[in-house]
Amino acid sequence: MEEFQLFAFLVALIVLFCGLYFTRNKLTSRGNIKLAPSPPTLPVIGNLHQLGHLPHRSLWELSTKYGPIMLLKFGSKPTLVISSAAIAKEILKTHDLAFANKPVMSAPKKIFYDLKDLVNLQYGEQWRKIRSIFVHELLNSTRVKSFNTIREEEIGLMVEKIKRVSSSPVNLTYMFTRLTNDMICRSAFGKKHSETGHGKIFLDKMDDAVALLFNFTIGEFVPWLGWINRLNGFNASLDKYARELDEVLNAVIEDHMSRGTSSNGDEDDGKSKENFVDILLGIYKGNTPGVSIDLISLKAVILDALGAGTETSTTTLIWVMTELIRNPPVMTKLQDEIREIMEGGKQQITDEDLQKMQYLKAVIKETFRCHPPVAIYFRAAREYVNLMGYDIAPETMILINAWAIGRDPSCWDEPEKFMPERFLNSCVDFRGFDFQLIPFGAGRRICPGLGFAAISIEHTVANLMQKFDWALPHGAKGEDLDATERPGFTIGKKEPLIVVPTKSYF
Ligand code: HEM
């Protein structure tokens, strides 16, 4: 019996290695075509087995062996993985137009209205139209400023809550989630997340749906194995989330319609002005000259604003505070800067004050370098491209590993160290011009929420640093703080961040 098992094992091994040999040869010798370096693939699954639990780390490790541009196969899908600033610049600047598409995947189709949302739209006329609505109508600088009051009120409420529990442990993960959800829900719906049944149900379901989408399932990449996703209930769960999210969005729209909006987007009751839903409904009703939107795209845009805007900002805030607690001298230096600028007991931190806080900006940049919330983001080739001597086929999926780029040794000294000082005498910024720091992407498809997110994060951290000192419970030292990551659409901290605001500064 044992001999038979050994024989069966050897046969399986030979079949596996033959498969490996042929798949590899097929990839690297196609006439004159020059393909990027590739690790060996397994039959059927290609390189899917190498993604691991935290793909940004596994792919980075693979890149240390195969180089900053690697051609992998996700099932049958050719996938180019980029891990250096120089190659990211080629993709996002030199060949930005050729790589301006997004991969077409069956799972997101279910949630994002057949990929009609801005994040997933293919490059073209419709993308330009929706992008313009996002950039010029929802998130232009005047609108972002008009959200100042919401931001200030919500941060003020959080500060009051922390003051009340001062000297006891607080769960900052929970607090930041509520703060970001409330800020985005008030901006999007005109009401707080915690106040509106709609907002709460929506964000809870959205979180679950997005977590599900970030499973790289075999059924997605090997079309003839699509039945696995039907059999194991994956498709049914997505269908259910899609139905439920659509129901909530319909209810939100009906609610706003029945209350009525004036031509400038203000609600009749005047309570909550300039929220996304009212602005979009104004456009839908033809109140904004030269701009139009259909109902499905309107719902898809709301999905994006909430889906792309909440978890990313929460994750960033948690990492900023985690790094500050792990690095006490950095926290002290930041507090000194902020308290000096706010000298004289001034409580309200304004945009002008924030402009003066250079060390704060450096701390946030360093956090984005070490912990880009969207560690890997996707593009797709619209046409054949010769990229740095390699032939890239149309529809190749492109993965930009922003996390690996933050460790690119040709750009960063001691990349493992949290060292905001590296940004003090440098003009490197995260606005899409410096390819060694691209947490928001770059080029045509750069994140349109960048300005909104950046100012909210600066404002929140500045307030927490001005008004409190922070320590770990039970006298634990900063270096004891667990910084293990959890996988997902954003790479967050696995365990909740529990800290003690030890002294308030009022
Ligand atoms: C810390 C916060 C945020 C981070 C790190 C972030 C990151 C990103 C990244 C990496 C992309 C892909 C860029 C590319 O392909 O080049 C993206 C796209 C996008 N983000 Fe953000 N984002 C954040 C906040 C927001 C907010 C607050 C909103 C909206 C309110 C938003 C809406 C979007 C949308 C709609 C897209 C798709 C743009 C397109 O494809 O044209 N994001 N974001």
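Conventions and cut-offs
- Residues numbered from 1 in each chain as written.
- Predicted model: local features only at pLDDT ≥ 70, side-chain atom pairs only at ≥ 80, totals over all residues.
- Heavy atoms only, no water.
- Helix = DSSP H or I, 4+ residues; strand = E, 2+ residues; numbered from the N terminus.
- Expected span 1.5 Å × (residues − 1).
- Buried < 20%, exposed > 50% of the residue type's maximum accessible area, 1.4 Å probe, protein only.
- Polar contact = N/O pair within 3.5 Å; in protein donor to acceptor, adjacent residues only side chain to side chain.
- Axes fitted to C-alpha atoms, helices over the stretch in contact; angles between N-to-C directions.
- Parallel < 35°, antiparallel > 145°, perpendicular 65-115°, else oblique.
- Left-handed = near helix turned anticlockwise from the far one by under 90°.
- Contact = heavy atoms within 4.5 Å.
- Donors = N, O, S within 2.8 Å, 3.2 Å for Na, K, Ca; no water.
- Pairing = 2+ DSSP bridges.
- Disulfide = S-S within 2.5 Å.
- Phe/Tyr/Trp six-rings, centres within 6.5 Å; stacked < 30°, edge-to-face > 60°.
- Core = buried A, V, L, I, M, F, W, Y, C linked by side-chain atoms within 4.5 Å.

(A) Quick peek at helix α14 (residues 295-326). With 32 residues, α14 extends 47 Å between its outermost C-alpha atoms, agreeing within 8% with the 46 Å of an ideal straight helix rising 1.5 Å per residue. A large share of α14 lies buried, amounting to 28 of its 32 residues. For α14, the N-terminal capping position is held by D294, with its side-chain oxygen 3.1 Å away from the main-chain nitrogen of I296.

(B) Molecular detail of the packing of helix α8 (residues 172-189) against helix α19 (residues 450-467). Between α8 and α19, whose axes approach to 12 Å, the crossing angle comes to 135°. With respect to α19, the axis of α8 lies oblique. Crossing angle aside, the handedness with which α8 passes α19 is right-handed. Contacts from F176, L179, M183, I184 and S187 in α8 reach F452, S456, T460 and L464 in α19.

(C) Structural view of the coordination of the iron atom of the ligand. Counting protein donors to the iron atom of the ligand gives just one, C447 (SG), placed at 2.3 Å. Along the chain, C447 falls in the loop between α18 (402-405) and α19.

(D) Layout of the sheet that holds strand β7 (residues 397-401). The strand order across the open sheet formed by four strands is β1-β2-β7-β4, and the pairing between neighbours is mixed. The sheet terminates laterally at β1 (69-74) and β4 (376-380), the two strands that pair on one side only. In this sheet, neighbouring strand axes are inclined to one another by 30° on average, regardless of whether the strands run parallel or antiparallel. Across four bridges, strand β2 (residues 77-82) lies against β7 in parallel orientation. Paired with T79 across the strands is M397, a residue of β7. Of the strands in this sheet, β1, β2, β4 and β7 touch helix α2 (residues 55-66), which is tilted by about 125° from β1.

(E) Highlighting the state of the cysteines. One pass over the structure, following the stated rule, counts zero disulfides. Considering cysteine sulfurs only, C447 is the nearest to C185, which forms no disulfide, with 18 Å between them. In this model C411 remains outside any disulfide bridge; the closest cysteine sulfur is found in C427, 14 Å from its own. A relative accessible area of 32% means that C411 is categorised as partly exposed.

(F) Region of interest: the packing of aromatic side chains. Scanning the entire structure with this criterion turns up ten aromatic pairs. Relative to F221, the ring of F74 has its centre 5.5 Å away and its plane inclined at 80°; by these criteria the two rings are edge-to-face. Of the two residues, F74 is situated in strand β1 and F221 in helix α10 (residues 218-221); the sequence distance between them amounts to 147 residues. When the centroid spacing of 5.2 Å and the interplanar angle of 70° are considered together, the rings of F368 and F440 count as edge-to-face. With F368 in helix α17 (residues 358-370) and F440 in the loop between α18 and α19, this pair connects stretches of sequence that are 72 residues apart. Judged by its relative accessible area of 4%, F368 falls in the buried class. When its relative accessible area of 12% is taken as the criterion, F440 is described as buried.

(G) Fine view of the nonpolar core. Counting 133 residues, the largest nonpolar core has L172, L324 and W470 as the members making the most contacts within it. The element that contributes the greatest number of residues to this core is α14, accounting for 13 residues. Among the nonpolar cores identified, the runner-up in size contains 15 residues, and L59, M105, F221 and F378 belong to it.

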